[in-house]
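# Examining the three-dimensional arrangement
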There are 4 protein chains.
Amino acid sequence: MPPSLPPTTSDPRPRDLGTLLVSCADRRGLVAALAQILAGHGANLLDSDQHADPTAGQFFQRIRFDASELRTDRATLVRGIGEVAERFSMKWRLCWGDERKRVAIFVSRYDHCLIDLLARWHSRELDCDIPLIVSNHEALRPIADYFQIPFHMFPISPETKHAQEEAEAALLEAEGVDLIVLARYMQILSGSFIERFPERIINIHHSFLPAFKGGKPYQQAHARGVKLIGATAHYTTVNLDEGPIIEQDVVRCSHRDRATDLSRKGSDLEKVVLARAVRWHLEDRILVCGNKTVVFA
Amino acid sequence: MPPSLPPTTSDPRPRDLGTLLVSCADRRGLVAALAQILAGHGANLLDSDQHADPTAGQFFQRIRFDASELRTDRATLVRGIGEVAERFSMKWRLCWGDERKRVAIFVSRYDHCLIDLLARWHSRELDCDIPLIVSNHEALRPIADYFQIPFHMFPISPETKHAQEEAEAALLEAEGVDLIVLARYMQILSGSFIERFPERIINIHHSFLPAFKGGKPYQQAHARGVKLIGATAHYTTVNLDEGPIIEQDVVRCSHRDRATDLSRKGSDLEKVVLARAVRWHLEDRILVCGNKTVVFA
Amino acid sequence: MPPSLPPTTSDPRPRDLGTLLVSCADRRGLVAALAQILAGHGANLLDSDQHADPTAGQFFQRIRFDASELRTDRATLVRGIGEVAERFSMKWRLCWGDERKRVAIFVSRYDHCLIDLLARWHSRELDCDIPLIVSNHEALRPIADYFQIPFHMFPISPETKHAQEEAEAALLEAEGVDLIVLARYMQILSGSFIERFPERIINIHHSFLPAFKGGKPYQQAHARGVKLIGATAHYTTVNLDEGPIIEQDVVRCSHRDRATDLSRKGSDLEKVVLARAVRWHLEDRILVCGNKTVVFA
Amino acid sequence: MPPSLPPTTSDPRPRDLGTLLVSCADRRGLVAALAQILAGHGANLLDSDQHADPTAGQFFQRIRFDASELRTDRATLVRGIGEVAERFSMKWRLCWGDERKRVAIFVSRYDHCLIDLLARWHSRELDCDIPLIVSNHEALRPIADYFQIPFHMFPISPETKHAQEEAEAALLEAEGVDLIVLARYMQILSGSFIERFPERIINIHHSFLPAFKGGKPYQQAHARGVKLIGATAHYTTVNLDEGPIIEQDVVRCSHRDRATDLSRKGSDLEKVVLARAVRWHLEDRILVCGNKTVVFA
């Protein structure tokens, strides 16, 4: 385990930093009602981002506030927010700065995304706990050992798949995992597993979705002769490669790039795109709207 | 003049769309106070973007609201906002959807930015009036004629500069111009002219500022052997090339690019970067904070 | 028509600049044979770019040479090259600097690509003749008039389509057109028309192909919630949206962008991507290899 | 040490792959002479890239050839090339596929570039030997241990600097090091050290040079309010931050980014930009021309 380095972000998540995520049908008075309830309890609104989707008729808001000088207390504030939320039929989630999210990383044999995530976690760029790594191969255990994270191997075969997923899910629940990151995990998760963790599984697909869905996207891209290749981080749903897109990016390529060059260039993209998506999730910046995301980045 | 084409943006700026821009020292209760005054008059808050700069201790907000169902009237609402603004020592500006900004474009001999701006204006991407074009050369008059915009030629020499700028300023004021766009205008404006139009002159500089300030930036870039060239749109201040940056972008280049190739590649950038900055200004998305901008894009 | 401006590229295409494009099955000795025949006639090789595609087993080369001090003459040199080409079963094409390509632009109602191409042509960035513009609408005739280019209107209906395409093809052939640019031409060309101009029709598609093939790609992109939108310039083949890709680029978007915003952002991309593809074609930088391109950019 | 993974590039550098880099004053017949000498010895020219800089009057070429079926032998071929080189006063360098370059990495306390380089080396993306890591701190020794690379600590103080650099240089020469990579090494190397390794030290600077030279570039960028931040990989010369630029890239930022956010975003850039520069050097793709580079990428 490398020595403890100074954190790369200087902004501590103070104990009293609250982040409120809200979505509901768009109606007059929403914004004022929330601003008022927070101000009324003595919370100081730090920043707020909102979005109204006219097609879906939906409203989304992210509010960060400082609760260090509350006139009441956390519980009373939460009750107050709950009453406003009920009035407007809001779906809402409130996270506090002293509650770190717990993340499980799933991998197979490719190490670039795993090393990248762990290096960012170690430098505190990713502010979370990582209580476990799950894999269907032994290959990357030494990396887990190096970072002193428990590594759980669940070999998967068609016969064992169901039972192994059950065991994985039990382990994740026992560990209180909030987010599962598929860091080039080469197994297709079953629908029943996915449905246990809605909007809580992030996958990295190595193409600019919806182009080149399915297997071997770099080979597909090479065969089609595209001039840019991409990577896409998305929430996993039961419809493979169709989940809400969180982030995408591309890199230029040319006729000189063989499929292996696309793979090398793409690996750099995958790391960066996946890390952005994970960080945004950890910072409560993402709301799902049907099959799309609102990212308050 | 080309025939009237269908607008490329479907969102009309309705008469009753208000955009409120606010900046002040950061204090508790700001957001709630503004939300409350708007809600109290029956304005429906459509969206809001805010930013607190911890270094400067400054707060910035942009609020768009629908005033079509006001319980009072515009004048009463404006008075109410003014009272809140006074309480918090806010600098503020309120623009209505039925008040189009009036833009003057200054040019010399390069036509690419002018043609681009006028084509965007004609397709209604830039929602403004353009009552005049000012130039120190005759070269681009035919373009102005084509788009049926009055073209005013003010030849500049060291002797005539002061008087000509006076004449220009008088014309701009007579025309009620809100924004001056320097679309590759090759004269340096005097400090006294600039100070008459604070935060109302946008310039395009053909480098990634602060690299390659001053003259012939593409030649400078070529001589230095950079691998990317850039363009920068900024508000003009009396300190040349030092004004608050609104937008920047870059394009890749290589050893194969001669200075003329950099110039050609850069022209595409200049157009796009300048157009973005102008559009954001027209849409009241930009606030200046010292020598920096807050762009609610 | 705007006044004659100084050209933006300082490199004249001198009369004696030869550009040789070659493709064939990859074999030993190819490069030396071509270098030798050119040197033997006194042509000075200026630069050369080559590519071997191991999958296709194909070899591609672009050679630019100065023939101003030939020891023989053009005809003899061409015969010499022809003999080498025959020996290696090369497909080849030789273009001289004093032969400008002739380009026809096809448009419908969108003007942004047309204005952009004509502005680049007028500033000599695109070094070609444009003897005609073809359209199925009257809408853009004033732009053609402004640039003093003959505008030919061929209204298309299901009944007239075949006859109109015949008339268009006859006109193109009478005008000796080398390249057809579909600048957001909203008609689907028939297979028989396309086959008359193989690798000589460039289309701009407003998506990052192969994503969002077919109609209304911006709406498709909006519905899918992508975080980048793209544009693709490709040679038109009988398989719609499947032709060899010449160039692609993307721009970032977010949940805030409505379909109309995607359209506006995309228009900037379309212009730039199409202009690059056209320029590369004019400069003899593109070779087609099956369904892919080799672009010596 | 992680398990041996399959290489990410499938193209082995075969024993008989030769890469010839040439630069000289531009003259007629250069290309033909080199093509001929290679063909004459039975070397099969695989690909060739060349560039003539008209301002400097210099010619640059990179030729890759397969020497597996030489009619003579390596030594004879090298003699032949040497004769051509002498005739044209060429500066040249010939590298064989079975000679791996030896790289030393210099670090201080930041780990992101080091981890990234070692992960790429481990996955064979960077095809080189790394016989040692040099640091002025102990902080990153565990990373070196993990990858089983000798870690040499040379603490530097004003008094010891000269002697320590002497010791470092002796070590580098004893290890036969071809390339020194300064992976966020926080010491300024003395001119005498730099001059021992001309065009063999690559540094990563965390700004878009020439903007924000010198110390704390992210703070400088934050203070200036730029909308993009960059990173620059360059060869180190005695003029700090002035050496020939190899590669640059940028990432978008906004008013919301604090200096620490710029630092985080920039770290991703630094890794990628440095890795590209190192790979291109290892693949003999870079030639220096005065204060600029020719990169046959």
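Keep in mind it's a predicted model, so treat the numbers as computed, not measured.

### What to know about the relation of the copies chain A and chain B
- Aligned on chain B, chain A shows an RMSD of 0.0 Å; the corresponding rotation is 180° and the shift along the axis is 0.0 Å. What we have between these two chains is a two-fold relation. For chain A, the minimum C-alpha distance to the rotation axis belongs to Asp49 of chain A and amounts to 2.9 Å.
- A symmetric contact is evident, with 100% of the interface residues of chain A recurring at the interface of chain B.

### Focus: the domain arrangement of chain A
All names here are of chain A.
- Each domain of chain A was delimited in the assignment, giving domain 1 (17-96) and domain 2 (102-295).
- Distance from the C-alpha centre of domain 1 to the C-alpha centre of domain 2: 31 Å.
- With 12 residues of domain 1 in contact, the opposing surface of domain 2 contributes nine residues.
- The junction of domain 1 with domain 2 conceals about 850 Å² of combined surface from both sides, 58% of it contributed by carbon and sulfur atoms.
- When the area that domain 1 buries against domain 2 is broken down by residue, the three leading residues are Leu21, Phe60 and Arg62, summing to 51%.
- Taken together, the connections running from domain 1 to domain 2 amount to one salt bridge.
- Arg93 is the salt-bridge partner of Asp284, the closest N and O atoms lying 3.5 Å from each other.
- At the junction of domain 1 with domain 2, the criterion picks out two residue pairs in polar contact (both at pLDDT 80 or more).
- Among the elements of the structure, strand E1 (17-25), strand E2 (44-53), strand E3 (58-66) and strand E4 (91-96) are those that each provide at least two residues to the side of domain 1 that touches domain 2.

### Considerations on the interface of chain A and chain B
- Listed per partner, the contact involves 18 residues of chain A and 18 residues of chain B.
- Between chain A and chain B the total buried area reaches about 1,400 Å² when both faces are included, carbon and sulfur atoms providing 49% of it.
- Counting every contact that joins chain A to chain B gives two salt bridges.
- One salt bridge connects Arg28 of chain B with Glu69 of chain A, and the closest N-O pair in it is separated by 3.7 Å.
- In terms of residues, the side of chain A that touches chain B owes the most to one element, E2 of chain A, which gives eight residues.

### Concerning the packing of aromatic side chains
- Scanning all chains against the criterion turns up 24 aromatic pairs over all chains.
- Each ring, one from Tyr146 of chain D and one from Phe147 of chain D, has its centre 4.8 Å from the other, and the planes form 80°; the classification is edge-to-face. Grouping residues by exposure puts Tyr146 of chain D and Phe147 of chain D together as buried.
- Through a chain of ring-to-ring contacts, the aromatic side chains of Phe106, Tyr185, Phe193 and Phe197 of chain A assemble into a single cluster.
- The aromatic ring of Trp96 of chain D is capped on one face by Arg74 of chain D, whose charged end is 3.9 Å from the ring centroid.
- One cation-aromatic arrangement involves Arg184 of chain D over Tyr110 of chain D; the distance from NZ or CZ to the ring centre is 4.5 Å.

### Looking at the interface of chain C and chain A
- The partner chain A presents 35 residues to the 35 residues of chain C that form the contact.
- Contact between chain C and chain A buries roughly 3,000 Å² in total, counting both sides, with carbon and sulfur atoms accounting for 53%.
- It is Arg224, Lys227 and His255 of chain C that lose the most area in chain C upon contact with chain A, and together they represent 24% of the buried surface on that side.
- Applying the counting rule to chain C against chain A returns six salt bridges.
- Among the salt bridges present, the one from Asp49 of chain A reaches Arg256 of chain C, with a minimum N-O distance of 2.7 Å.
- Run the count over chain C and chain A and you get 24 residue pairs in polar contact (both at pLDDT 80 or more).
- With seven residues, the top contributor of residues to the side of chain C that touches chain A is strand E11 (residues 245-252) of chain C.

### A closer look at the sheet that holds strand E8 (residues 179-182) of chain A
Residue and element names in this part refer to chain A.
- In space, the seven strands of this open sheet follow the order E7-E6-E5-E8-E9-E10-E11, with mixed pairing throughout. Since the sheet does not close on itself, it has two edges, and those belong to strand E7 (151-153) and strand E11 (245-252), each with one partner. Sheet twist, expressed as the mean angle between neighbouring strand axes with direction ignored, is 20°.
- Alignment of strand E5 (residues 101-107) against E8, held across four bridges, turns out to be parallel. Looking across to E8, one finds that Ala104 is bridged to Ile180.

### Some details on the confidence of the model for chain A
Residue and element names in this part refer to chain A.
- Here chain A shows a mean pLDDT of 91. Residues at 70 or above account for 96%.
- In this model residues 1-12 is a low-confidence stretch, pLDDT under 50, and it forms 31 contacts with partners more than four residues away in sequence or in other chains.
- At the level of chain-chain contacts, confidence expressed as ipTM amounts to 0.90, with global pTM at 0.88.

### Considerations on helix H5 (residues 161-174) of chain A
Residues and elements named next belong to chain A.
- Relative to the 20 Å expected for 14 residues at 1.5 Å per residue, H5 spans 20 Å between its end C-alpha atoms, a close match to the ideal helical length.
- Buried residues of H5: Gln164, Glu165, Glu168, Ala169, Leu171 and Leu172, and no others. Take H5 and look down its axis: the buried residues cluster within an arc of 160°, on one side only. Set apart from the buried face of H5 by more than 90 degrees, the exposed residues are His162 and Ala174.
- The secondary structure elements touched by the buried residues of H5 are E5, strand E6 (128-135), E7, E8 and helix H6 (191-196).
- Where H5 terminates, the next one or two residues include Gly176, which has phi positive at roughly 65°.

### A look at the pattern of salt bridges
- As enumerated under the stated definition, the model contains 120 salt bridges over all chains in all.
- Among the salt bridges present, the one from Asp268 of chain B reaches Lys271 of chain B, with a minimum N-O distance of 3.4 Å. Of this pair, Asp268 of chain B and Lys271 of chain B are both found in helix H8 (residues 259-282), three residues apart, which corresponds to roughly one turn of the helix.
- Note that Arg100 of chain D and Asp129 of chain D form a salt bridge whose closest N and O atoms lie 2.6 Å from each other. Of this pair, Arg100 of chain D sits in the loop between strand E4 (91-96) and strand E5 (102-107) while Asp129 of chain D sits in strand E6 (residues 129-135), and the two are 29 residues apart along the sequence.
- Owing to a relative accessible area of 40%, Arg100 of chain D belongs among the partly exposed residues under this scheme.
- Residue Asp129 of chain D is classed as partly exposed on the basis of its relative accessible area of 26%.

### Details of the sheet that holds strand E9 (residues 201-205) of chain B
Residue and element names in this part refer to chain B.
- Taken in spatial order, the seven strands line up as E7-E6-E5-E8-E9-E10-E11 in an open sheet, and their pairing is mixed. With one partner strand each, in any of the chains shown, strand E7 (151-153) and strand E11 (245-252) form the two edges of the open sheet. In this sheet, neighbouring strand axes are inclined to one another by 20° on average, regardless of whether the strands run parallel or antiparallel.
- Pairing analysis gives four bridges linking E9 to strand E10 (residues 228-235), with the strands arranged antiparallel.

### Concerning the relation of the copies chain C and chain A
- With an RMSD of 0.0 Å, chain C superimposes on chain A once it is rotated by 180° and translated 0.0 Å along the axis.
- With an isologous cut-off of 70% or more, the 100% of interface residues of chain C that recur at the interface of chain A puts this contact in the isologous class.

### A look at the environment of Phe193 of chain D
All names here are of chain D.
- Looking at the element boundaries, Phe193 is found in helix H6 (residues 191-196).
- The spatial distance from the C-alpha of Phe193 to the C-alpha of Glu165 is 6.8 Å, given a sequence separation of 28 residues.
- Once you skip the residues sitting within four places of it in the chain, Phe193 turns out to touch Phe106, Glu165, Glu168, Ala169, Leu172, Ile180 and Ile201.

### A few points about the pairing of strand E9 (residues 201-205) of chain D
Residues and elements named next belong to chain D.
- Burial within E9 is extensive, with five of its five residues counted as buried.
- Where burial is concerned, the two faces of E9 agree: the one with Ile201, Asn203 and His205 and the one with Ile202 and Ile204 are both buried.
- Taken together, the three bridges between strand E8 (residues 179-182) and E9 define a ladder with parallel strand orientation. Following the sheet pairing, Ile180 is matched in E9 by Ile201.
- A crossover connection joins E8 to the parallel E9 through H6; in handedness this β-α-β unit is right-handed.

The rules we used
Residues numbered from 1 in each chain as written. Chains lettered and ligands numbered in written order. Predicted model: local features only at pLDDT ≥ 70, side-chain atom pairs only at ≥ 80, totals over all residues. Heavy atoms only, no water. Least-squares fit on C-alpha atoms with pLDDT ≥ 70 in both. Contact = heavy atoms within 4.5 Å. Domains from an automatic or database assignment. Buried area = accessible area lost by both parts, 1.4 Å probe. Salt bridge = Lys/Arg side-chain N within 4 Å of Asp/Glu carboxyl O. Polar contact = N/O pair within 3.5 Å; in protein donor to acceptor, adjacent residues only side chain to side chain. Helix = DSSP H or I, 4+ residues; strand = E, 2+ residues; numbered from the N terminus. Phe/Tyr/Trp six-rings, centres within 6.5 Å; stacked < 30°, edge-to-face > 60°. Buried < 20%, exposed > 50% of the residue type's maximum accessible area, 1.4 Å probe, protein only. Lys NZ or Arg CZ within 6 Å of the ring centre and 35° of its normal. Pairing = 2+ DSSP bridges. Axes fitted to C-alpha atoms, helices over the stretch in contact; angles between N-to-C directions. pLDDT = per-residue confidence, 0-100. Expected span 1.5 Å × (residues − 1). Arc of directions from axis to C-beta. Right-handed = clockwise from strand over helix to strand, strands pointing away.

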